[in-house]
Amino acid sequence: MASRGTALVALAFLPLHFSICHGGFPKDKDISPMKFTHSLYNTTIFENSAPRTYVETPIKMGIQLKDLLWDIKFNIVSGDDDELFQAEAIQVGDFAFLRIKTQVTYSASLNREVRDIYALTVEASESISDLKAKTKVIVRVEDTNDLKPLFYPASYHVAISEDSSLQSSVVTVSATDADLGSNAKFYYSFTTRSHPFSVDPFTGAVSLFKKLNHTRHEKYDLTVLAEDRTKKISGVQKFGNVARVVVTVQKSNKTHPVITPTPKPSILSDGKVTIDVHVEPGTKPVESLMIMEEDLNMFFSVIPLGVEGNDFQVISTKKIRWSRMPHGLNMSLQAKDSTSLSPVKQIHIPPVHYTPLTFSEDTYIVVLSEFSPPKSHVVKVAVAPESQNISYSIKANQDSTKFKINHKKGTIVTNDYFDFEAKQRYEFDVIANNGEAETHVVIEIMDENDNSPQFVENSYQAMLDENIPVGSSVLKVSATDKDVGKNGLVTYSIANTGAIPFAIDAFTGVITTSEDLDYELMKRQYHLRVWASDSGSPFSQVNECGVTITLTNINDNVPLFERIGCNTTLPIDSPVEQTIGKLSAIDLDELQHLKYVIESGNELGIFTMDSTGAIKLNKPIPANSNAFNLRVVATDGKHKSDPSIVRVTVTDKGEEPTLKCIETDILKQVTNKLIESIKPILTSQEDDSFFSDKYIANKHSPKFNLSIPGSIDLVEDFPLNSTIVQFKATDGDTGLNSKLVYAISSGVEDGCFVIDPFLGDLKLVCPLDRKNKEFYILNITVSDLGMPQKSAWKLIAVNVMDINDNPPVFSQPRFVIRIAENIEVDSVVFTARAIDNDSETNGNIQYTLLTSTDFFTIDKLTGDISVASNLDRETLARHDLKIEARDQAKVGPQLFSTLDLVVVLEDINDNPPKFHPKVYKVKVPEDVPVGTLLVWLESVDLDLGSGGQVTYNLKNNGIFHLDSKTGALTLERELDFERRPFYNLTVRAVDHGLPRSLSSSCFVEIEVLDVNENLHKPVFDEFVYDEAIMEDAAVGTSVATLMALDKDAGRDGVVRYRIHDGSGLGLFTIDEESGVIRSTDTMDRETTPHFWLSVFASDLGTDPLSSWCHVYIRVTDVNDNAPQLSQPMYLATVPENAALVQSVVTVQAQDLDSSSDGQLTYDMTEAHRKYFSVDPKTV
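These figures come from a predicted structure and were not determined experimentally. (Residues numbered from 1 in each chain as written. Predicted model: local features only at pLDDT ≥ 70, side-chain atom pairs only at ≥ 80, totals over all residues. Heavy atoms only, no water.)

### With respect to the packing of aromatic side chains
Moving on, step 1. Counting across every chain of the model gives 30 aromatic pairs.
Moving on, step 2. Measuring from centroid to centroid gives 5.5 Å for phenylalanine 418 and tyrosine 426, while their planes differ by 80°, and the two rings are edge-to-face.
Moving on, step 3. A relative accessible area of 7% places phenylalanine 418 in the buried class.
Moving on, step 4. Measuring from ring centre to ring centre gives 5.4 Å for phenylalanine 1068 and phenylalanine 1091, while their planes differ by 70°; the resulting arrangement is edge-to-face. One end of the pair, phenylalanine 1068, is in strand S86 (residues 1068-1070); the other, phenylalanine 1091, is in strand S88 (residues 1090-1099), with 23 residues separating them in the sequence.
Moving on, step 5. Overall, the relative accessible area of 6% leaves phenylalanine 1091 in the buried class.
Moving on, step 6. An aromatic cluster of three or more residues is present, and its members are Phe95, Phe97, Phe1023, Trp1092 and Tyr1112.
Moving on, step 7. Of note, lysine 60 hangs over the ring of phenylalanine 95, and the distance from its end group to the ring centre comes to 4.4 Å.
Moving on, step 8. The side chain of lysine 773 reaches across the aromatic face of tyrosine 776, ending 5.3 Å from its centre. (Phe/Tyr/Trp six-rings, centres within 6.5 Å; stacked < 30°, edge-to-face > 60°. Buried < 20%, exposed > 50% of the residue type's maximum accessible area, 1.4 Å probe, protein only. Helix = DSSP H or I, 4+ residues; strand = E, 2+ residues; numbered from the N terminus. Lys NZ or Arg CZ within 6 Å of the ring centre and 35° of its normal.)

Here's what the structure looks like:
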């Protein structure tokens, strides 16, 4: 609190008589006694609270301090007999807070179920002023969820009949919870769901959810759980107790329909089956008769025989292939009413006599050339008796992969190339109609000369010494041929066109020399082209291999000097190492370097000779020497040359040395001789390219004869195995390169056309049928057998011309249709449709109704059967009609077929199910247990039989489940209001009526009720905050940041702050999210030195929880006020010429700032200091 400073100033002057006007500030005096802010406080605390837990109240509970020096103590003087509470004082600013908490240690605990309220009397005492005050504090003990629900009784035993209706009440279980409010709420639920019962989560009423069956289940042992809702929300599962419910299912005395007597099948000559069936009803009308075998429903139909509904007829609607069922058929029939089934009745239908299928041959043996290309015709298999419904297939094995069969025609063609050398025989089985008949096919591959001889090595090399004897063996080549017989007999020959000194044995492949060889005078390397040829027909196959023979040199020549008879002069004073002359020799062998030797005439060692043939002076020439005769030879290590004489004549000093020799011209002679020996080789160069011979290269492609037509017309009955056209082609090559094979490369998928691979004859091997294929485009390919193979192709169109060979055919011999009895006249109920695959008039069809009737007519062109008059099911439940389809052929007899049509009249399904009401509105708390029955959806359908049976459909959303039979809507997954508070479901009710089902829809509006999941309130880290702000702080200055923590998740844990009350209300604001308190106005400590705020922290839960704290804000002082004199003017008098006067007048001033207390000084202007002075510190 700011203080005031006051000063008195005395003025000294001459003695004067003056009067003083004194101005002062009265001091406030507290006249109020000490008292509590309220005479009664209401507080709360939770039961089972821990020691030192404070009671809570949103208001400031305590005493406003009139004097800051007060020291207040609080004491509980009554109402706490059990000594559970303790009072304490907390002084902040000008307020002493009364805080009551549980004792640190106490034997008894707070238990709301024992005592829920305490009235405490609290006395406040102040020791300095000896003041006292009292107040009442009411402590209400709040409930906590500390008790489980309890069942009474804990077990239930009930009995119920198996024919009890849905929604029947079975038993009601009961449990109680002693807690209060939401803590006392709990749900009933089953611990398991594999039973036909449901329990109301609120009332505990157990009802029948699904139909019972004593035979399947005689007793159910159920467990009902009463689970605390609040604990479940907080994450504690199964907090509760259970009760046992035993339900005994009692058997109901009811009867069922019976089929009697045993029906006997009737089989007509055309194979149609009819079975009359009578059903004795049970307690309820017979609804239907069923064929139990699903596959038989494709061939049979059940129709009413009379109008009463107890007689039925089972008739065949499709042709039965008795060949697949040689022992007949077994049929199971069962009648049905609305609630039960009859015993199953077994009926045996004996087979109709038939001739089993057999192939025309037990084993088909075919010889096939290995030259046969893919899609070559192999053989056509056939069965007897002939039928249009025969299907052929090959039983798969390792050999069958190279063949395929036309499933309708039975023609087998190749699917790949063949190699006799890899496999000579193929065997597989062919079956008809999935095994009704079986035959064996053997294909023997005929060897063709399709393999050329293959050399063991890609090439051969040999080294051969010159001068070996003629006829010597050089090497042996070897080749093999995979073909057999003459096709594999190999002979050898040399294909070089020039002369060569070698020969080859035609049968062994041994290469020998045929003349003498000389390395120096002949070719030193020979490249031979060796051919290996087989003896196959019609042409042999040839292959070529390269053989390289290299001559090796041997030492068989004597060195020869190029110069002989040399005469040289040499001065006697010639220096050592001086070259006298140089001799050179030639060795045609060229095997190694020559060595020169002075054989005689150099006994004194005066001369020496190096490896180049140079003669040098080795030592000084002795005096008195006249001449030397040197005998020189050249040697290659084996042979020596003839000696060459070098005469050296010694001359006087200073003379020039000379050298004269005779030239032998040996190098020129050898060169000319070598050129002459290889001239024939150089002038007869040969082409050594591989396969260059005209008999080996495949140069030309085959060409078709231009006279072959591009299209031909064939009638459907063209004779089989007759030649249609012959394809001819030519090839300009020779040998196998001109050998041609023909094939149909495409356009003959059914295998009806074949071509002779060597003659080119195109033939028809299976009957043509224009209904299956009107034309063919055949791609005829001709290929030679050369390497690489060359081919040509030609397209030929085959037009199939029609004959009247097909009668009109219905898709099945008998039809059953069901129509509503109130169908309108002239309505088309059925269209008789037959197919005639002939063309033009042969394929035109007219329909006739052979049955005499006034109820139906038929359109002769379209086959539409229309209602001619009103129908009545109660008069005649069915109409049997026979329809004829006849073609309009102009040449030859007309062909026809008939159809049986059974028209069954049915009670119409004209009433859709109707919901009552149309819109269901359901409110369900978000925490109800999974499996809770939410609502029964009910509809009414007035139709009979299946038309009155209703099925409910709900698009699967994973949250709810709708029982399709009962319409019970149950919860399948837990709800969450925060995730989705509303569901709009569309439920569709569909009846089972014929010919079409009817449906209607209802809407289910499910409102998810929010359940308070807010378990924890925000908690401030301080009960009271002591904060400060400078009085000159700018608007918006942050004063404090409050923090409250909430342990809940989601929105329940999001905290928002607000200022609820206090003296600072309106002067401060708090950010609702961050808790930051800021000023909204300027402060003035001298006006208001402090403020109080009450701040609430609330979470965002549906039922928000709050806590509160108090904030004390002190305004701190700044020097913002100037001193103020107590009076604006002072009046004083002094006598003239008076002596020194001690005091004239006292001036008093004060400063509102607390920081200026006792710090004031006084002064006066300069003009008045001549006569007066002022004491600067006078007080």
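So, next bit.
### Topic: the layout of surface pockets
Moving on, step 1. By volume, the largest pocket amounts to about 1900 Å³.
Moving on, step 2. What lines the largest pocket is a set of 45 residues, and nearest its centre among them are Lys211, Ser338, Thr339, Ser340 and Lys965.
Moving on, step 3. When residues of the lining of the largest pocket are traced back to their parent elements, those giving at least two are strand S24 (329-337), strand S75 (939-940) and strand S76 (950-954).
Moving on, step 4. Residue contributions to the lining of the largest pocket peak at three residues, all from S76. (1 Å grid on protein atoms, 1.4 Å probe; cavity = no way out; pocket = protein on both sides within 12 Å on 5 of 7 lines; lining within 4 Å. Points joined across faces, edges and corners; volume = space filled by probe spheres on them.)

### A closer look at empty space enclosed by the protein
Moving on, step 1. What the rule picks out here adds up to one cavity of 30 Å³ or more.
Moving on, step 2. A volume near 50 Å³ is recorded for the largest cavity.
Moving on, step 3. Along the walls of the largest cavity sit Cys566, Thr568, Ile580, Gly581, Lys582, Leu583, Ile615, Val646, Leu659 and Cys661, which together make up its complete lining.
Moving on, step 4. Listing elements by their share of the lining of the largest cavity, those giving two or more residues are strand S45 (563-571), strand S46 (579-582) and strand S53 (658-663).
Moving on, step 5. Looking at the lining of the largest cavity, the element that brings in the most residues is S46, giving three residues.
Moving on, step 6. Of the residues assigned to the lining of the largest cavity, the class counts are seven nonpolar, two polar and one charged. (Nonpolar A, V, L, I, M, F, W, Y, C, P; charged D, E, K, R; others polar.)

### Concerning unusual backbone geometry
Moving on, step 1. Here tyrosine 152 and proline 153 are connected by a cis peptide whose omega angle stands at 0°.
Moving on, step 2. The amide bond that connects threonine 260 to the next residue, proline 261, takes the cis arrangement and shows omega of -10°.
Moving on, step 3. Considering the arrangement of structural elements, one finds proline 261 in the loop between strand S18 (258-259) and strand S19 (265-267).
Moving on, step 4. Positive phi outside glycine occurs at asparagine 48, with the angle close to 65°.
Moving on, step 5. Mapped onto the secondary structure, asparagine 48 falls in the loop between strand S2 (40-46) and strand S3 (62-64).
Moving on, step 6. With a phi angle near 50°, asparagine 433 is a residue other than glycine that sits in the positive phi range.
Moving on, step 7. Residue placement: asparagine 433 occurs in the loop between strand S33 (425-432) and strand S34 (437-446).
Moving on, step 8. Using a relative accessible area of 5% as the deciding quantity, one classes asparagine 433 as buried.

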